[in-house]
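The residues making up each chain are set out below.
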Amino acid sequence: MNSRIRVCFVLEGSYPFITGGVSSWVHDLIQGMPEIDFVLFSISPDNKQTLKYELPENVVEHKDIVLSEIKKSRKKIKGKIKTLKLIKKMHVDFKSKAHTDMDELLSGIPEGSYLYDDTVYSDIGWGMLGTANVKNNPMYPFSDYFWAWRSSHNMIFTVLGAEPPVADIYHAVSTGYAGLIALAAKIRHNKPFLLTEHGLYHKEREMELRKAQFIRGYQRDMWRSEEHTSELQSHS
């Protein structure tokens, strides 16, 4: 029986594909704890990245997901109508800054289940989209809002359905998508979730959005709201 502790690092845009302060910190920490097994769960923009570090011997597994990749569901949503209603309520809670019960939501979304189509092809999802468009996007065509919503939310659905490696502890080095994956693992597997924020993730993403000339005002607000919400969930 293996008695070694197994820690899963959840990493977005850093180790082991990108060099820098956070990556160096992770690499040094792993090397400094040879008695612990580490598994890496990295989040990447594409599948063409190459390793920038030689992984230490105590890195026993590395799994990578591409954030923009549309995955095929292996498992069915539990109580689809109830889950979709919870997603609708979650959006209302986000706007009012009310607490969202992620435990209840994730209980209906098992790992390996992705909500890409259910949220737009259902009556509940389509109604939610139509209402949000009228409220947030009165000056532009509905098609613009639809594709902006799909683009931003599909990444969240990829994250919520992600299947991280088995571990005793889930350690995210940022909020955002990495924080959501680690939070979901904590809830689903009843394991400790450790968050070390090495920068201000929300602020860094907000600066990137402000500089992007191709993003319209309402789209920028949508992305900013999602980034801020994921940050609050990671800290809750």
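Preceding this section is the structure that the text describes.
What counts, and where the lines are drawn
- Residues numbered from 1 in each chain as written.
- Predicted model: local features only at pLDDT ≥ 70, side-chain atom pairs only at ≥ 80, totals over all residues.
- Heavy atoms only, no water.
- Salt bridge = Lys/Arg side-chain N within 4 Å of Asp/Glu carboxyl O.
- Helix = DSSP H or I, 4+ residues; strand = E, 2+ residues; numbered from the N terminus.
- Buried < 20%, exposed > 50% of the residue type's maximum accessible area, 1.4 Å probe, protein only.
- Pairing = 2+ DSSP bridges.
- Axes fitted to C-alpha atoms, helices over the stretch in contact; angles between N-to-C directions.
- Contact = heavy atoms within 4.5 Å.
- Phe/Tyr/Trp six-rings, centres within 6.5 Å; stacked < 30°, edge-to-face > 60°.
- Left-handed = near helix turned anticlockwise from the far one by under 90°.
- Nonpolar A, V, L, I, M, F, W, Y, C, P; charged D, E, K, R; others polar.
- Core = buried A, V, L, I, M, F, W, Y, C linked by side-chain atoms within 4.5 Å.
- Expected span 1.5 Å × (residues − 1).
- Right-handed = clockwise from strand over helix to strand, strands pointing away.

(A) Here's a closer look at the pattern of salt bridges. Overall, the coordinates contain seven salt bridges when judged by the stated rule. Residues Glu104 and Lys82 are paired through a salt bridge, measuring 4.0 Å at the closest nitrogen-oxygen approach. With Glu104 in helix α3 (residues 102-106) and Lys82 in helix α2 (residues 80-96), this pair connects stretches of sequence that are 22 residues apart. Classification of Glu104 by relative accessible area gives partly exposed; the value is 33%. Among the ionic pairs, Arg150 bridges to Asp117, the shortest N-O distance being 3.8 Å. Here Arg150 is found in helix α6 (residues 142-160), whereas its partner Asp117 is found in the loop between α3 and α4 (118-121), with 33 residues between them in sequence. Residue classification places Arg150 among the buried positions, given a relative accessible area of 12%.

(B) Region of the structure containing the environment of Ser68. Here Ser68 lies in the loop between β3 (59-66) and α2. Taking the C-alpha atoms as reference points, Ser68 and Ile156, 88 residues apart in sequence, are found 9.6 Å from one another.

(C) View of unusual backbone geometry. Residues Tyr15 and Pro16 are joined by a peptide bond in cis, for which omega reads 0°. Examined against the element boundaries, Pro16 turns out to sit in the loop between β1 (6-12) and α1 (21-31). Its identity as a non-glycine residue notwithstanding, Asn190 has a phi of 55°, on the positive side. Topologically, Asn190 is positioned in the loop between α7 (176-189) and β5 (193-195).

(D) View of the sheet that holds strand β4 (residues 169-172). The sheet built from five strands is open, its strands ordered β3-β2-β1-β4-β5 with parallel pairing. Edge positions in the open sheet fall to β3 and β5, since each of these has one partner strand only. On average, each strand axis in the sheet is inclined to that of its neighbour by 20°, with strand direction left out of account. Two elements, β1 and β4, share four bridges in a ladder whose sense is parallel. Its bridge partner being in β4, Val10 is matched across the sheet by Ala172. Together, β1, β2 (37-44), β3, β4 and β5 form the strand contacts of α7, whose direction differs from that of β1 by roughly 150°.

(E) Inspection of the packing of aromatic side chains at higher detail. Across all of its chains, the model carries nine aromatic pairs by this definition. The interplanar angle of 10° and the centroid separation of 5.6 Å between the aromatic rings of Phe9 and Phe38 together place this pair among those described as stacked. One end of the pair, Phe9, is in strand β1; the other, Phe38, is in strand β2, with 29 residues separating them in the sequence. By relative accessible area, which is 0% here, Phe9 ends up buried.

(F) Highlighting the packing of α6 against α7. Axis separation between α6 and α7 bottoms out at 9 Å; the angle between their running directions is 35°. Here α6 runs over α7; the crossing is right-handed. The residues of α7 that touch α6, namely those facing Met155, Ile156, Val159 and Leu160, are Tyr177, Leu180, Ile181 and Arg188. Per-class residue counts for the contact of α6 with α7 are seven nonpolar, no polar and one charged.

(G) Region of interest: the nonpolar core. Core analysis: the biggest nonpolar cluster contains 44 residues, and Val10, Ile43 and Ile181 have the highest contact counts within it. Dropping the residues within four chain positions of it, Val10 is found in contact with Phe41, Ile43, His171, Ala172, Val173, Ala178, Ile181 and Ala182.

(H) Region of the structure containing α7. Look at α7: 20 Å from first C-alpha to last across 14 residues, which is about the 20 Å you get at 1.5 Å a residue. Taken across its 14 residues, α7 has 10 buried, putting it largely inside the fold. Those residues of α7 not exposed but buried are Gly176, Tyr177, Ala178, Gly179, Leu180, Ile181, Ala182, Leu183, Ala184 and Ala185. Where α7 ends, the next residue or the one after it, Asn190, has phi of about 55°, a positive value.

(I) Spatial organisation of the pairing of β4. Of the strand pairs in this sheet, β4 and β5 are connected by three bridges, and their pairing is parallel. Counted as the bridge partner of Tyr170 is Phe193 from β5. Read as a crossover between parallel neighbours, the route from β4 over α7 to β5 is right-handed.

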